[in-house]
Amino acid sequence: MAEAFGQFQYPTPPLNRPGGAQSVLLAEFGREEREHKMRVTLDAYRDYQDGIRPAGPGAKELIDFFDFVDGELGQVGAPNVKRSEQEVMNLLAKRAGALHLGQANHCWFLDPSRALCLKLAGHSARDATAPLIGMCDSARCPQATHHAGHRPVWASAARNKKVFIASIGRAQKTEKTRLAADLARDERVLSEIDAAAGKGA
Ligand code: SF4
């Protein structure tokens, strides 16, 4: 038996095999995760169509990809005809499969050799099949994008840093300088998200 979502086909193992019930649960979890990634990718594409662009170092690549999707859909039929959700999902499927969801960013893990987290951890990109989300530096990684949904995380981080900086004594100058640099990064990310969403100054 297989279940389909977009272009994906998921084999479902028999329950009477040892570990079969666990395998079914894992398959179900995997299916839900893939569907969630597909929905998130579709949301990003719909935002793009509504003029709400992604921000972050990977934004241009993602916008170029969405431009390509639009072009493909335009070639399939007459312009101004709204394409079916399934056609759109078929074009987005591969990109959605590379998506890893962080709290503060989307990670489009298409090319391990460009993953900043792997470089920072000193890991070889050759055999890597997933990013090291815990080492993510999305403000600098070329595979990261920031979206409006990530704004509260960055805003909260910036607020907390301001409180810390105000409470640090003069003797901790190095720590204060480090926090100030991090705060500047947070505020830059926030202004980029706002500008990409058309809310910039
Ligand atoms: S640094 Fe972040 S965005 Fe870049 S590959 Fe690693 S987890 Fe993904």
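Placed above this text is the structure.
The rules we used
Residues numbered from 1 in each chain as written. Predicted model: local features only at pLDDT ≥ 70, side-chain atom pairs only at ≥ 80, totals over all residues. Heavy atoms only, no water. Helix = DSSP H or I, 4+ residues; strand = E, 2+ residues; numbered from the N terminus. Contact = heavy atoms within 4.5 Å. Areas by Shrake-Rupley, 256 points an atom, 1.4 Å probe, with all protein chains shown as cover. Pairing = 2+ DSSP bridges. Axes fitted to C-alpha atoms, helices over the stretch in contact; angles between N-to-C directions.

Some remarks on the overall build of the protein chain
Right, so step 1: When helices and strands are counted, the protein chain shows six helices and five strands.
Right, so step 2: Its helices and strands taken in sequence order, the protein chain reads β-β-α-α-α-β-β-α-β-α-α from the N to the C terminus.
Right, so step 3: Here the analysis covers contacts within the protein chain between residues at least 6 apart in sequence; of these, 60% occur between residues at least 24 apart.
Right, so step 4: On the protein chain, roughly 12,000 Å² of surface is accessible, and the fraction owed to carbon and sulfur atoms is 55%.

Description of the sheet that holds strand E5 (residues 144-145)
Right, so step 1: Reading across from one edge, E3-E4-E5 is the order of the three strands in this open sheet, with antiparallel pairing throughout. Here the strands that pair on one side only, and so sit at the sheet edges, are strand E3 (99-101) and E5.
Right, so step 2: Across three bridges, the pairing between E3 and strand E4 (residues 106-108) is antiparallel. Bridge pairing in E4 places Leu99 opposite Trp108.
Right, so step 3: Strands E3 and E4 of the sheet are contacted by helix H1 (residues 20-49), whose axis makes an angle of about 95° with E3.

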